[in-house]
Amino acid sequence: MNKIIAKENFSEKVVCFEVEAPLIARSRKAGHFVIVRVGKKGERVPYTIAAADPQKGTITLVIQRVGKSSEKICQLEVGDYITDMVGPLGKATHIENFGTVICAGGGVGVAPMLPIIEAMKKAGNRVITVLAARTKELIILEEQVRKYSDEVIIMTDDGSYGEKGLVTNGVEKVIQREKVDLCVTIGPAIMMKFVAQLTKKYEVPTLASLNTIMVDGTGMCGACRVTVGGKTKFVCIDGPEFDAHQVDFDEMLMRLKAYN
């Protein structure tokens, strides 16, 4: 069992946990996720690893309350235990020195984006991060993001923080002023769809992480199947990251409605 050693409420519906998991902490790479279960009869839920500390033997998970299982996890306190945790799972993000990389994160998508930002910076890239949310209170991990970014652009729908506008406004602003070699986007599916449409217009290679559609996390349930380049892929074992210009986001959005 994995002990919770720290808990922080980012907002009313978003909670950050630091959890003991020494083996996972040592082997985790950017883009990896874990399967979590609370209670012997609890649902198995996938969560991307936001950070890891191999020395302390801990990993960080950022969880949004969206249903019964996530609510059950968010009710845990420091000293409580997560019944089961399996990982790291999925394919790690391909990291190299691309040049200038835009990392566009929306809402809780900033959590899985953080280790990618860190890894891209350590590989020698110029990293420009665009953080987006509906309002100031929903911007998370800003301090940690700034640590590994050459520039941070913050966009809020209501203009309560940073600049008023959508994530695409921030991304386009950068593309129009300088050469961008890669864009990585993580957030709501509709956000990633419009980021992909924008970067395709400017011919900027783009990766999208489709972790929001995962259920089982091991390829057995088939719930996370998506169409990429006309072929069926499973997000949990083939991804979670794919060429955003090849993803059928309209199909993905339709399938996500089944979980509402």
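The structure displayed is predicted, hence computed values, not measured ones. Residue numbers run consecutively from 1 along every chain, following the written order of its sequence. In view of the model being predicted, local features appear only for residues whose pLDDT reaches at least 70, and side-chain atom pairs are presented and counted only at 80 or more, with totals across whole chains, interfaces and linings using the full set of residues. Think of the side-chain values as coming from all heavy atoms in the structure, minus any hydrogens and water.

A.B. asks: Is there a simple way to think about the overall build of the protein in this case?
C.D. replies: Labels follow the DSSP assignment, with helices taken as runs of H or I lasting at least four residues and strands as runs of E lasting at least two, numbered in each case from the N terminus. The helix and strand inventory of the protein stands at 8 helices and 16 strands. Note on method: radius of gyration uses C-alpha positions; expected globular size equals 2.2 Å times residues raised to 0.38. Its C-alpha radius of gyration of 17 Å places the protein within 12% of the 18 Å reference for a compact globule of 260 residues. Expressed along its principal axes, the backbone C-alpha trace of the protein runs to roughly 50 × 40 × 35 Å. It only takes one pair of heavy atoms within 4.5 Å for two residues to be counted as in contact. Within the protein, contacts between residues separated by at least 24 positions form 65% of all contacts whose residues are at least 6 apart in sequence. Only the protein chains shown count as cover for residues, with accessible areas throughout obtained via the Shrake-Rupley method and a probe of 1.4 Å. If you sum the accessible surface of the protein, you get close to 12200 Å²; carbon and sulfur atoms cover 50% of it. Treating the 34 positive side-chain charges of the protein as one cloud and the 31 negative ones as another, the clouds have centres 4 Å apart. In this charge count, Lys and Arg are treated as positive and Asp and Glu as negative; neither His nor the chain ends contribute. Just so you know, the charge point we use is NZ for Lys, CZ for Arg, CG for Asp and CD for Glu.

A.B. asks: Looking at this structure, how should I read the layout of surface pockets?
C.D. replies: Empty space among the atoms becomes visible once a probe the size of a water molecule is rolled across them. The definitions used throughout rest on a 1 Å grid laid over the protein atoms alone, on which a cavity is an enclosed set of points accommodating a 1.4 Å probe that cannot get out and a pocket is an open set flanked by protein within 12 Å on both sides along at least five of seven lines; lining residues are those having an atom within 4 Å of a point. Grid points are joined across faces, edges and corners, and a volume is the space filled by probe spheres set on the points. If you add up the space inside the second largest pocket, you get close to 500 Å³. Secondary-structure elements contributing two or more residues to the lining of the second largest pocket are β1 (2-9), β2 (14-20), β4 (45-53), β5 (58-64), α3 (110-122) and α4 (142-147). Only Asp, Glu, Lys and Arg are considered charged, only Ala, Val, Leu, Ile, Met, Phe, Trp, Tyr, Cys and Pro nonpolar, and every remaining residue, Gly among them, polar. Looking at the lining of the second largest pocket residue by residue, the class counts come to 10 nonpolar, 3 polar and 9 charged.

A.B. asks: For this particular structure, what's the right way to read the state of the cysteines?
C.D. replies: What is meant by a disulfide is a covalent connection between two cysteines, made through their sulfur atoms. The term disulfide is used for any two cysteine sulfur atoms that are within 2.5 Å. Considering all chains together, one arrives at 0 disulfides under this definition. Cys-74 carries a free sulfur, and the closest cysteine sulfur to it, the one in Cys-16, is 11 Å from it. Cys-183 takes part in no disulfide bond, and the closest cysteine sulfur, belonging to Cys-103, lies 7.6 Å away.

A.B. asks: Would you take a moment to explain the packing of helix α6 (residues 189-201) against helix α8 (residues 249-256) for this structure?
C.D. replies: Helix packing for two helices is described by the angle between their axes and how far apart those axes are. With axes taken as lines fitted to C-alpha atoms, and helix axes fitted only over the stretch in contact, angles between N-to-C directions fall between 0 and 180 degrees. It is at 10 Å that the axes of α6 and α8 come closest, and there the two elements cross at 175°. The angle between α6 and α8 places the two elements in the roughly antiparallel class. For the pair α6 and α8, contact is made by Ala-189, Ile-190, Met-192, Lys-193 and Ala-196 and by Phe-249, Asp-250, Met-252, Leu-253 and Leu-256, respectively. Partitioned by chemical class, the residues of the contact of α6 with α8 number 8 nonpolar, no polar and 2 charged. Each angle receives one of four descriptions, namely roughly parallel if under 35 degrees, roughly antiparallel if over 145, roughly perpendicular if within 65 to 115, and oblique otherwise.

A.B. asks: Explain the pairing of strand β12 (residues 182-186) to me, please; I cannot follow it from the model alone.
C.D. replies: Within a regular strand, side chains alternate between the sheet's two faces. Judged by how many residues are buried, β12 sits mostly within the fold: 5 of 5 residues are covered. Whether a residue is buried, partly exposed or exposed follows from its accessible area with a 1.4 Å probe, protein chains only, as a fraction of its type maximum: under 20%, in between, or over 50%, in that order. Of the two faces of β12, both are covered, the one formed by Leu-182, Val-184 and Ile-186 as well as the one formed by Cys-183 and Thr-185. Between any two strands, pairing holds if DSSP finds at least two bridges. Inspection of the sheet shows strand β8 (residues 100-106) paired to β12 by 5 bridges, in the parallel sense. Pairing of Cys-103 across the sheet is with Val-184, part of β12.

A.B. asks: Explain the sheet that holds β12 to me, please; I cannot follow it from the model alone.
C.D. replies: Strand order across the open sheet formed by 7 strands is β11-β10-β9-β8-β12-β13-β16, with mixed pairing between neighbours. Two strands lie at the open edges of the sheet, namely β11 (163-164) and β16 (241-243), each paired on one side alone. Examined bridge by bridge, strand β13 (residues 206-209) and β16 share 3 bridges and lie antiparallel to one another. By the bridge assignment for β16, Leu-207 is matched with Asp-243. This element, α3, spans β8, β9 (126-133), β12 and β16 of the sheet and lies at about 155° to β12.

A.B. asks: What exactly am I supposed to notice about the sheet that holds β2 here?
C.D. replies: Strands pair in a sheet through their backbones, by hydrogen bonds, and they do so in one of two ways: parallel or antiparallel. The sheet built from 7 strands is open, its strands ordered β6-β1-β2-β5-β4-β3-β7 with antiparallel pairing. The open sheet has two edge strands, β6 (81-82) and β7 (84-89), and neither has a second partner. Bridge count for β1 against β2 is 5 bridges, and the pairing is antiparallel. Its bridge partner being in β2, Glu-8 is matched across the sheet by Cys-16. Packing of α3 onto the sheet brings it into contact with β4 and β5, and relative to β4 it is tilted by some 40°.

A.B. asks: What am I meant to see in unusual backbone geometry here?
C.D. replies: Backbone geometry follows two general trends: most residues other than glycine have a negative phi, and most peptide bonds adopt the trans configuration. Of note, the amide linkage connecting Gly-87 to Pro-88 takes the cis form, showing an omega dihedral of 0°. Summarising the element assignment, Pro-88 is placed in strand β7. Not every positive phi belongs to a glycine, and Leu-141 is a case in point at roughly 55°. Looking at the element boundaries, Leu-141 is found in the loop between β9 and α4. With a phi close to 60°, Glu-203 is a non-glycine residue in the positive phi region. With respect to the secondary-structure elements, Glu-203 resides in the loop between α6 and β13.

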